[in-house]
Amino acid sequence: MEKEILTVNKLNKIFRQGKKEFHAVDHISFSIRKGECFGLIGESGSGKSTAANMISGLMRPTSGEVRFHGSNLQMVFQDPKASFSPHMRILDGLCEGLRYRTSLSRKEREERAYEVLEQVGLKPEYGRKYCHELSGGECQRAAIGRAIMIRPELLICDEVTSALDVSVQEQIIQLLKKLGRENGMSYLFISHDLALVSGICDRIAVMRRGKIVEMGETGEVILHPKEEYTKRLLDSVLTI
């Protein structure tokens, strides 16, 4: 592993409702190395997606800091169809980011889009389709393709497989692993599924009620969990 690409230091998010305060994320710290896949794991409401939103810049933290030691990061969301315009072809959706962030010509943008479609396992004709014409797995492939159009150094994946069938989940995991190897990307992988992350994450941090309660190498955490909460997460996977 190489140098750190992301450093999160005492990141904190408080939501206020009247006189009440709620710590959605409570002073968490971790780092991601270049080329590494790091997982934030926890049940719904644990704070992992709020943390991802602050790291990506979609939400302002109450306190703490995020240091990104690169030039580009992108985020892939749980529901890809909601993030694509229903009136825009997949090709145009892929090109949209390059249109505003680069000086590439239309022809150059489209050439890059067709290159990316091939990378994510979609045939060129998918560029002419609309998101409602794609299956869930195909649309998530297109969403991942759109995210890598600008060649990001860090890709944040927020529950990107949770809405997909088990067989399609595995395909998306294998795709992400392949893209990571080919492009030298780092990942922040957000999930509630410990079994799923074991196939892609190098290290994981387990979140509960806004705090990181356990962190370490993936195999070590899964085989020798120290916290009761982590053991319960594992038990819930094993009993399904």
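Please refer to the structure higher up on the page.
A brief structural summary. These numbers were taken from a predicted model, which means no experiment stands behind them.

### Overview of the overall build of the protein chain
Phase 1: Secondary structure assignment for the protein chain yields nine helices and nine strands.
Phase 2: A compact globule built from 240 residues should have a C-alpha radius of gyration of about 18 Å, and the protein chain, at 18 Å, falls within 12% of that.
Phase 3: Across its three principal axes, the protein chain shows a C-alpha extent of roughly 55 × 40 × 40 Å.
Phase 4: Within the protein chain, contacts between residues separated by at least 24 positions form 68% of all contacts whose residues are at least 6 apart in sequence.
Phase 5: Accessible surface for the protein chain amounts to roughly 12,300 Å². Of this, 48% is attributable to carbon and sulfur atoms.
Phase 6: For the protein chain, the distance from the average site of its 35 positive side-chain charges to the average site of its 32 negative ones is 5 Å.

### Examining the pairing of strand β5 (residues 73–76)
Phase 1: Residues L73 and M75 line one face of β5 and the alternating positions Q74 and V76 line the opposite face, and both faces are buried.
Phase 2: Here four bridges tie β5 to strand β6 (residues 154–158), and the two strands are oriented parallel to one another. Following the sheet pairing, L73 is matched in β6 by L154.

### So, the sheet that holds β5
Phase 1: Spatial ordering of the open sheet is given by β5-β6-β7-β3-β8-β9, a layout of six strands whose pairing is mixed. With one partner strand each, in any of the chains shown, β5 and β9 (211–217) form the two edges of the open sheet. Put simply, the sheet's adjacent strands are angled 15 degrees from each other on average, direction ignored.

### Here we look at the side chain of K48
Phase 1: For K48, the position within the fold is in helix α1 (residues 48–56).
Phase 2: Using a relative accessible area of 5% as the deciding quantity, one classes K48 as buried.
Phase 3: Among the polar contacts listed, one links the side chain of K48 to the backbone oxygen of G42, at a separation of 2.9 Å.
Phase 4: Excluding residues within four positions of it along the chain, K48 makes contact with L40, I41, G42, E43, E159, I190, S191, H192 and M207.

### Re the nonpolar core
Phase 1: One finds I90, I144, L155, L176, L179, Y187 and F189 to be the most contacted residues of the largest nonpolar core, which totals 49 residues.
Phase 2: Discounting residues that sit within four places of it in the chain, L155 has contacts with Q74, V76, A147, I148, L176, M185, S186, Y187 and L188.

### What about the side chain of S191?
Phase 1: In this fold, S191 is placed in strand β7 (residues 186–191).
Phase 2: Looking at S191, the relative accessible area reads 2%, which means it is buried.
Phase 3: Beyond its immediate stretch of four places on either side in the chain, S191 contacts L40, I41, G42, K48, E159, L196 and V197.

Analysis parameters
Residues numbered from 1 in each chain as written. Predicted model: local features only at pLDDT ≥ 70, side-chain atom pairs only at ≥ 80, totals over all residues. Heavy atoms only, no water. Helix = DSSP H or I, 4+ residues; strand = E, 2+ residues; numbered from the N terminus. Rg over C-alpha atoms; globule rule 2.2 N^0.38 Å. Contact = heavy atoms within 4.5 Å. Areas by Shrake-Rupley, 256 points an atom, 1.4 Å probe, with all protein chains shown as cover. Lys, Arg positive; Asp, Glu negative; His and termini not counted. Charge placed at Lys NZ, Arg CZ, Asp CG, Glu CD. Buried < 20%, exposed > 50% of the residue type's maximum accessible area, 1.4 Å probe, protein only. Pairing = 2+ DSSP bridges. Axes fitted to C-alpha atoms, helices over the stretch in contact; angles between N-to-C directions. Polar contact = N/O pair within 3.5 Å; in protein donor to acceptor, adjacent residues only side chain to side chain. Core = buried A, V, L, I, M, F, W, Y, C linked by side-chain atoms within 4.5 Å.

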